[in-house]
Protein chains: 2
Amino acid sequence: MRLTTKGRYAVTAMLDLALHASRGPVSLNDISGRQGISLSYLEQLFAKLRRSGLVASVRGPGGGYRLSREDTSINVAEIVDAVNESMDATRCNRKGDCQEGLECLTHHLWLDLSDQIHNFLSDITLNDLIERREIQATAARQDERANSRIDLLLSSEGSN
Amino acid sequence: MRLTTKGRYAVTAMLDLALHASRGPVSLNDISGRQGISLSYLEQLFAKLRRSGLVASVRGPGGGYRLSREDTSINVAEIVDAVNESMDATRCNRKGDCQEGLECLTHHLWLDLSDQIHNFLSDITLNDLIERREIQATAARQDERANSRIDLLLSSEGSN
DNA sequence: TTATAGTTGACTGAAATAGTAGGGCATCCG
DNA sequence: CGGATGCCCTACTATTTCAGTCAACTATAA
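Residues numbered from 1 in each chain as written. Chains lettered and ligands numbered in written order. Predicted model: local features only at pLDDT ≥ 70, side-chain atom pairs only at ≥ 80, totals over all residues. Heavy atoms only, no water.

A.B. asks: For this particular structure, what's the right way to read the protein's contact with DNA strand D?
C.D. replies: As a matter of local geometry, DNA strand D sits amid 28 residues, with R50, S57 and Y65 of chain A together with T5 and R59 of chain B nearest to it. Here a base nitrogen of DNA strand D and a side-chain polar atom of E43 of chain A are 3.2 Å apart. At a separation of 3.1 Å, a phosphate oxygen of DNA strand D approaches a polar side-chain atom of T4 of chain B. Every element with two or more residues in the surface near DNA strand D is listed here: α3 (39-51), β1 (55-58) and β2 (64-67) of chain A together with α1 (5-19) and α3 (39-51) of chain B. A class-by-class count of the residues in the surface near DNA strand D yields eight nonpolar, 13 polar and seven charged. (Near = heavy atom within 4 Å. Polar contact = N/O pair within 3.5 Å; in protein donor to acceptor, adjacent residues only side chain to side chain. Helix = DSSP H or I, 4+ residues; strand = E, 2+ residues; numbered from the N terminus. Nonpolar A, V, L, I, M, F, W, Y, C, P; charged D, E, K, R; others polar.)

Here is the structure:
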């Protein structure tokens, strides 16, 4: 079992997508700027998210990604899953052949833990996250910073 | 966050220790044989378990390791912790500086997940595991196999 | 005194992570 | 029509961790 930057980035990016869905497709460049994730890395993650059917892409200028389904029907567990970070805690992938073809001493413990984690994460949708106050606050802060960066860029262009 | 062979082996070995505590210290060699874990690797793990005060060692022939505390007061979370497998799901170690010194968009989500996992694992003691029927069955099977290996060894010695 | 068993440190191959680099291709806009 | 935008894809790389090995050492019971 592992949860690393890969899975965390995927959820963060999907949440960013959901938060900015109202104004059409969201480009990876925007997400990269707001969330501080490298663009190339995001491209890799979204390739997987697209193959899993969680997002759809729109090419060309003004394009980007959108959620394939409503934010109320996408949960955190399937996002983490889509980027190949198995939240399974067993060594044997639940098969029970962890020690010479038989169950190891702690097999059932890890099975229970796996279920616990999966239940927790699959019960949280993107919409649930959007409605959380801390997340709204963080998102607002990020948008403001992004806007001020754009202003800075425009004013330096004007002075050239 | 990660749970790999390291943490799983540590819990398995500690459980083996608890199961065989009645007949004095348990040698790593015995655990290695029963649980199919390499002796050298066990030595590394028990060095950490000892430094964390979970086990005490008895040197010399007939020596081995014992639990430092009763099996009712050692929980799974602290065992996993002792071998440096942090079950913390956040990137920032709960500090909240995950994105340029501030909280990332999903900080609270991973915080909640961490608590969920920790609560689950810290609520299970070695004694709880010992009392589980599947574990008793697996342990009985392992002991039987270990005994038959000893018989085999003795009979081949006799024929030399 | 010898075999047992813990103690310690250095080392290693394989795998995964967390990226980077650099091509392409589709599409909109002027 | 052509260039800018943004997705798409493959290959590459540095670093870290895991999982395990090896070797030398110390303590102690029989």
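A.B. asks: Whenever I open this one, helix α1 (residues 5-19) of chain A confuses me. Can you help?
C.D. replies: The α-helix advances 3.6 residues per turn, and as a result positions three or four apart in sequence lie on the same side. Residue and element names in this part refer to chain A. Relative to the 21 Å expected for 15 residues at 1.5 Å per residue, α1 spans 20 Å between its end C-alpha atoms, a close match to the ideal helical length. Across the 15 residues of α1, twelve count as buried, placing the element largely inside the fold. All of the buried residues in α1 are G7, R8, Y9, A10, V11, T12, A13, M14, L15, D16, L17 and A18. (Expected span 1.5 Å × (residues − 1). Buried < 20%, exposed > 50% of the residue type's maximum accessible area, 1.4 Å probe, protein only.)

A.B. asks: What am I meant to see in unusual backbone geometry here?
C.D. replies: Peptide bonds are, in most cases, trans, and in most cases residues other than glycine have a negative phi. One non-glycine residue with positive phi stands out, namely N93 of chain A, at about 60°. Here N93 of chain A lies in the loop between α4 (76-82) and α5 (107-122).

A.B. asks: What am I meant to see in the relation of the copies chain A and chain B here?
C.D. replies: Mapping between the two copies of the chain is achieved by a rotation about an axis and a shift along the axis. For the pair chain A and chain B, the relating rotation is 180°, the translation along its axis is 0.0 Å, and the fit reaches an RMSD of 0.1 Å. Expressed as a symmetry operation, the mapping of one chain copy onto the other fits a two-fold axis. Relative to the rotation axis, the C-alpha of R2 of chain A is the closest in chain A, positioned 2.2 Å from it. Looking at chain A, 100% of its interface residues are interface residues in chain B too, so the copies touch through the same face. (Least-squares fit on C-alpha atoms with pLDDT ≥ 70 in both. Contact = heavy atoms within 4.5 Å.)

A.B. asks: I'm lost on the pattern of salt bridges in this one. Help?
C.D. replies: Any two side chains of opposite charge can pair, so long as their charged atoms come close to each other. The full count for this structure, using the stated rule, is twelve salt bridges over all chains. R145 of chain A is paired through a salt bridge with E100 of chain B; the nearest N and O atoms lie 3.1 Å apart. Here the residue R145 of chain A occupies a position in helix α7 (residues 133-158), and E100 of chain B occupies one in the loop between α4 (76-82) and α5 (107-122), the pair thus bridging two chains. Overall, E100 of chain B belongs to the exposed group, its relative accessible area being 57%. Close ionic contact of R34 of chain B with D16 of chain B constitutes a salt bridge, the shortest N to O distance being 2.8 Å. Placement of the pair is R34 of chain B in helix α2 (residues 28-35) and D16 of chain B in helix α1, with a sequence separation of 18 residues. Looking at R34 of chain B, the relative accessible area reads 11%, which means it is buried. (Salt bridge = Lys/Arg side-chain N within 4 Å of Asp/Glu carboxyl O.)

A.B. asks: Mind showing me how you'd approach the side chain of S32 of chain A here?
C.D. replies: Among the secondary structure elements, S32 of chain A is positioned in helix α2 (residues 28-35). Setting aside residues up to four positions removed in sequence, S32 of chain A forms contacts with I37, S38, L39 and L42 of chain A.

A.B. asks: Looking at this structure, I do not really get the state of the cysteines. What am I missing?
C.D. replies: Defined simply, a disulfide is a covalent bond joining two cysteines at their sulfur atoms. Residue and element names in this part refer to chain B. This model, assessed by the stated rule, comprises zero disulfides over all chains. Here C98 stays unpaired: no disulfide links it, and the sulfur of C92, its closest cysteine neighbor, is 3.5 Å away. Take C104: it sits in no disulfide, and the sulfur closest to it among the cysteines is that of C98, at 3.7 Å. (Disulfide = S-S within 2.5 Å.)

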